[in-house]
Each structure stands twice: as C-alpha cells, then as structure tokens.
Amino acid sequence: MGFSSVQFLFVFLPAALALYHLTPVRGRNAVLGALSLVFCAWAGVRYALLLAAFSLAHWGFGLLLARSPRRAWLGAMVAADLALLAGFKYADFAALNFNALLNSSRLPVLGIALPLGISFYTFQGISYCIDVARGTIRAERNPLRLYLYLAFFGHLSSGPIVRYGDQAAALDPAADARRVDMDRFGSAVRRFILGLSKKTLLADQLALVFARVSAADAALLPAPALWLGYAAYVLQLYYDFSGYSDMAIALGEMFGLPLPENFDLPYLSRSIGEFWRRWHITLGSWFRDYLYIPLGGSRRGLGRTCLNLLIVFACTGIWHGAAWQYVAFGLWHGALICAERLGLGKALDRAPRFVAHLYTMAGVFVGFTFFGAPGLSQALGALRGMLTWQAGAPGMTLAAFADPKSLLLLAAGVLLCGPAQALCPRFKAWARSGKVGYATAAVLLVLLFACIMRSTAGNYTAFIYAQF
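To start, this report covers the structure provided alongside it. (Residues numbered from 1 in each chain as written. Predicted model: local features only at pLDDT ≥ 70, side-chain atom pairs only at ≥ 80, totals over all residues. Heavy atoms only, no water.)

## So, the overall build of the protein
Within the protein, the secondary structure is distributed over 21 helices and zero strands. For 468 residues, the compact-globule estimate of 2.2 N^0.38 gives 23 Å, and the protein sits close to it at 23 Å. Referenced to the eigenvectors of the C-alpha coordinate spread, the extents of the protein come out at roughly 65 × 55 × 55 Å. Looking at the protein residue by residue over its 468 residues, the buried ones come to 49%. Long-range pairs, those at least 24 residues apart, make up 74% of the contacts in the protein with a sequence separation of at least 6. Accessible surface, the protein as shown: approximately 21,900 Å² in total, 67% of it carbon and sulfur. (Helix = DSSP H or I, 4+ residues; strand = E, 2+ residues; numbered from the N terminus. Rg over C-alpha atoms; globule rule 2.2 N^0.38 Å. Buried < 20%, exposed > 50% of the residue type's maximum accessible area, 1.4 Å probe, protein only. Contact = heavy atoms within 4.5 Å. Areas by Shrake-Rupley, 256 points an atom, 1.4 Å probe, with all protein chains shown as cover.)

Below you can see the structure in the form of structure tokens.
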C-alpha cells in the first residue's frame, strides 16, 4: 500500500487521521501503533508479526545493554540484525552466485519475499542498540514507544532512517513536540501533496519513458535514445525518493512525530562528496556514524581513509539491492570520493562552478546507470552505447522512444529538481513551511486533483487488464 495508492489516500489515511485525533491523548500511541501494524500487515501478516517481534527483542536488549553495556551483548544483537537482513535480502543472491561459480545447483534459491521496511527498521534497531550501549541515549522502558519509533507507518516502507535520540521527546503523546495545531497540520498537508505530485505526476510518468528504453536491448538502441532513457531515470529516481520522503515527513507532522530531512536538492551539488551530503541524507549519516567512523574514518592516513570509503560505499550499494549492479553503483561513488580526497576535490574548488557541477552530474549519471539497468552487463552495454555514440539497429530512432509529452516532462523535471529553487529561494521555502493561504490552497487542490486522477486512472487500467 504505497502512499500514492487509492487505498492509502481514500481509506487508510482518512481513517487513521480520524481515529488518532479523536482518541484521548493517553491512548494515541496505542492507536498509532495499531495503525502501523495494520499498514505492515497489508503487505503480509507474517511480516507484521516479524516487525512486532523485532521491536520486542530490541526493547529487551536495550534494557539489558543499559544495565550491562558489554561488547559481546551488543555484538550479538548487531549480528542477529544483520543475519535477519541477510537472510531475507541476500540469501538468494549468495546462492545464485555460489551455484554459478561452481556450475551447480547445490544451494537452493528460495525466492523469499522481502518484508516491508526491513532495510529501514533493521538499521534503526542497530543504531538504537549502539547508542544505548554508548550511553548517548537512555534505554526506552515503554515497549510501545520503542515499537512506534521502529514501526511508524510514515517512514516504515521508504524511510527516512530515524535516530531514536531525535524522536524520543515526541514519543510521549502528551509532550509539546507531539502537539499538532492547524498551522502545523496545514503545512504538513501542503508538503504531502507536493510529495505526492513528485511521485505521481513526475516520477511515475518519467518511469514510462525509461521503461521503453530499458526493455530494449541496449546494443540495438541509438545513443540519443539511451541518453534520453537514462536521463529520465536519473530524474525519476530523485522525484520518487524525495517525493516519498516529503510524504513521510508530512505524515510525521500530521501525527506529531517529527522526521528528519532526507533530500536537499542533491542535483545542485558540485562534488560527489557534496552530493552524498544532500542525497538520502539519513542513510549517508547512518553509514558515517556506525560504519565509517568505527572503521577509523579519516584518522589513520589517506590510504586507510580511501579503503574505509570504498567499504562504506560498497555496503551502501548492496544495501539498496542484492545484485552486482548495486555493488558497482556503490564502488563507483566510493572511487570518485576517494579521487576527491586525493586532490580532485581541491581542483573542483578552484574550477568554475559550472565545471564542478558538470563533473558531478556526469558521475551521478554513470552511477545511476548502474543502479537502474536490469543487470551489470546491461549497464555496461548502455554506457558503451552512449559513449561511442552508436547508431543502433535500423528503425530504432529517438522518435520511437520520445514524443513531445515526454520531452516536456523531461524539461519540467530538469527545471524543478534544483534550478527553479536556486533561482527562487522563496519557492523552496514555500514548499516546506509556512501558513496555507487561499492562493496556496487553490494550487494544492489542483495538484491533488491531478494526482488523484492519475492514480485512479492507473488503478482502473490495471483492474481492466486483470479481467482479461
């Protein structure tokens, strides 16, 4: 049940808001916890039970670590978390590669479905246990509050990754941080609709452009079609991820649970290092604090720093998915950041802004080509076709993959992913906060209507096809 689905927009969210705000303050955590369990159970009851058991285990281990913060206890909990994540997400990937290496089928490929949100709540559970062991936060004594921190439906499926210390105060339903007045709720509605617009009106439509290109053999496509398709994907990925983050943050505000910012116009960056400080901010900061710094960070010389960066970005890549193209995506970004640490960064600081920006976007484009391609070989084939400016097979023309609507959509995507906000800072501020006046309300109603029409049209089409 995605945030842009008809079920969420017309059934779950209205019912959740009504139930939560009509419930007395003392009972609101229980209501919100039950709603989050229902949201997770929508994807599978067994996975909702897994999440509940995960929360209970971390509540108990948190209390244990508060009394006896031994490394052995902490190591056991972290190892169990990683084993759980690996079992669901990477077991089949490991089995396939092991079988391919030995040219056999000794290890079974089970095809286990990935539980909703496991990549996010596993990392939140790890950070909670580590912070308790370090003494930077106090262990939560109320299991419902810890469950709500881990399982709140607003950030369960697509993040952002929340630190317990940043949300602890708001987990008390009577706290000032939890209070939702009309201005806060109105600002949250605005941000939710804008995030929904990113997802529905831009990301989903750009995905159609990329789907036509990625479905064809890269060796048969002309270079302009490849450039067009993967440019659409670079934009789609931003609007999809940032749109979901905007909706998640807005949902948090509606229920009084503040969530951290996750995207800050990353396509305006002038280095890959800056890009990762703006892109999926909560994931980058998690790897920095819980992997990069424990590995030694930048304290043991330049060579060790580069090795640590490569390890971190390899893990960042594989976190996104169990396939070699994700590993290549991570290592590519890690290699570029190492190059910046070795001197390229200083050269970029001295270079004209547009040169640094072009370098960054070229690096990001290559990385997301790995990320978006169906496989590593297809990614390499697409890059080869773009860089050699291949002619493609007869009849394969750019016009076969692009129409005026697609080109207009690309132009709008390019304008709204950073340039418009850079040229008009008030536009960025308006999108995130402030009172909702009559003019803003009118704009939001038009956008909401367009999003609903697009969502219902897609669901109706899917329903019709399912009948035949």
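## Quick word on the packing of aromatic side chains
Enumeration according to the criterion identifies 48 aromatic pairs in this entry. Taking 5.1 Å as the distance between ring centres and 45° as the angle between the ring planes, the aromatic pair formed by tryptophan 279 and phenylalanine 368 counts as tilted. Taken together, the residues tryptophan 279 in the loop between helix H12 (272–278) and helix H13 (281–292) and phenylalanine 368 in helix H16 (residues 353–372) connect sequence positions 89 residues apart. Residue tryptophan 279 shares its accessibility class with phenylalanine 368, and that shared class is buried. A cation sits over an aromatic face here: arginine 28 above tyrosine 20, 5.2 Å from the ring centre. (Phe/Tyr/Trp six-rings, centres within 6.5 Å; stacked < 30°, edge-to-face > 60°. Lys NZ or Arg CZ within 6 Å of the ring centre and 35° of its normal.)

## Here we look at the state of the cysteines
Applying the stated criterion across every chain, the model contains zero disulfides. Its sulfur unpaired, cysteine 40 is 19 Å from the next cysteine sulfur, which belongs to cysteine 129. (Disulfide = S-S within 2.5 Å.)

## Some remarks on the packing of helix H11 (residues 223–254) against helix H17 (residues 376–387)
The angle between the axes and the distance between the axes are what describe a pair of packed helices. Relative orientation of the contacting elements H11 and H17 amounts to 125°, with a least axis distance of 8 Å. Of the possible angle classes, the one that applies to H11 and H17 is oblique. The interaxial crossing formed by H11 with H17 has left-handed handedness. Of the residues in H17, those in contact with Ala223, Leu226, Trp227 and Tyr230 of H11 are Ala382, Gly385 and Met386. (Axes fitted to C-alpha atoms, helices over the stretch in contact; angles between N-to-C directions. Parallel < 35°, antiparallel > 145°, perpendicular 65-115°, else oblique. Left-handed = near helix turned anticlockwise from the far one by under 90°.)

## Structural notes on helix H14 (residues 302–320)
In this model, H14 (19 residues) spans 27 Å end to end at C-alpha, consistent with the 27 Å of a helix rising 1.5 Å per residue. Residues of H14 that are buried include every one of Thr305, Cys306, Asn308, Leu309, Val312, Phe313, Thr316, Gly317, Trp319 and His320, and no others. Packing partners of the buried residues in H14 comprise helix H4 (71–89), helix H6 (118–134), H12, H13, helix H15 (324–350) and H16. (Expected span 1.5 Å × (residues − 1).)

## Looking at the environment of isoleucine 281
As for its placement among the helices and strands, isoleucine 281 is situated in helix H13. In contact with isoleucine 281, other than residues within four places in its own chain, are Glu261, Asn262, Phe263 and Asp264.

## Re unusual backbone geometry
The linkage connecting glycine 159 with the following residue, proline 160, adopts the cis geometry, with an omega of 5°. Turning to its location among the elements, proline 160 is positioned in the loop between helix H8 (153–156) and helix H9 (164–167). Phi at tryptophan 389 takes a positive value of approximately 55°, unusual for a residue other than glycine. Along the chain, the position of tryptophan 389 falls in the loop between H17 and helix H18 (404–416). Under the relative-accessibility criterion, tryptophan 389 is labelled exposed at 54%.

## Describing the pattern of salt bridges
All chains considered together, the criterion is met by eleven salt bridges. Across the pair arginine 179 and aspartate 176 runs a salt bridge whose closest N-O atoms are separated by 2.9 Å. Accessibility classification places arginine 179 together with aspartate 176 in one group, the exposed group. Among the ionic pairs, lysine 199 bridges to aspartate 204, the shortest N-O distance being 3.1 Å. When its relative accessible area of 27% is taken as the criterion, aspartate 204 is described as partly exposed. (Salt bridge = Lys/Arg side-chain N within 4 Å of Asp/Glu carboxyl O.)

## What about the side chain of lysine 198?
For lysine 198, the location among the structural elements is in helix H10 (residues 182–214). Setting aside residues no more than four positions away along its own chain, lysine 198 makes contact with Ala203, Tyr238, Tyr239, Ser242, Gly243 and Asp246.

## Some words on a nonpolar patch on the surface
A surface patch of nonpolar side chains, about 380 Å² in accessible area, is lined by Phe98, Leu101, Leu102 and Leu107. As for its position among the elements, phenylalanine 98 is in helix H5 (residues 91–102). (Patch = residues over 30% accessible without salt bridge, like charges linked within 9 Å, V, L, I, M, F, W, Y side chains within 5 Å.)

## Considering the packing of H4 against H6
Two numbers describe how H4 lies on H6: the axes approach to 10 Å, and their chain directions differ by 175°. With respect to H6, the axis of H4 lies roughly antiparallel. Taking contact as the criterion, the partners of Leu74, Met77, Val78, Asp81, Leu82, Leu84, Leu85, Phe88 and Lys89 in H4 are, on H6, Ile118, Ser119, Thr122, Phe123, Gly125, Ile126, Cys129, Ile130 and Ala133. Within the contact of H4 with H6, the residues separate by chemical class into 13 nonpolar, three polar and two charged. (Nonpolar A, V, L, I, M, F, W, Y, C, P; charged D, E, K, R; others polar.)

## So, the nonpolar core
Core analysis: the biggest nonpolar cluster contains 124 residues, and Phe8, Phe192, Phe255 and Phe368 have the highest contact counts within it. With 18 residues, the top contributor of residues to this core is H11. With sequence-adjacent residues up to four places away left out, phenylalanine 192 is seen in contact with Phe3, Phe8, Leu9, Leu13, Met247, Ala250, Leu251 and Met254. (Core = buried A, V, L, I, M, F, W, Y, C linked by side-chain atoms within 4.5 Å.)

## Here's the deal with the environment of phenylalanine 10
Within the fold, phenylalanine 10 resides in helix H1 (residues 6–22). Note on phenylalanine 10: relative accessible area 45%, which makes it partly exposed. Sequence-wise, phenylalanine 10 and isoleucine 452 are 442 residues apart; in three dimensions their C-alpha atoms are separated by 9.7 Å. Those residues in contact with phenylalanine 10 that lie beyond four places of it in its chain are Ile452 and Thr456.

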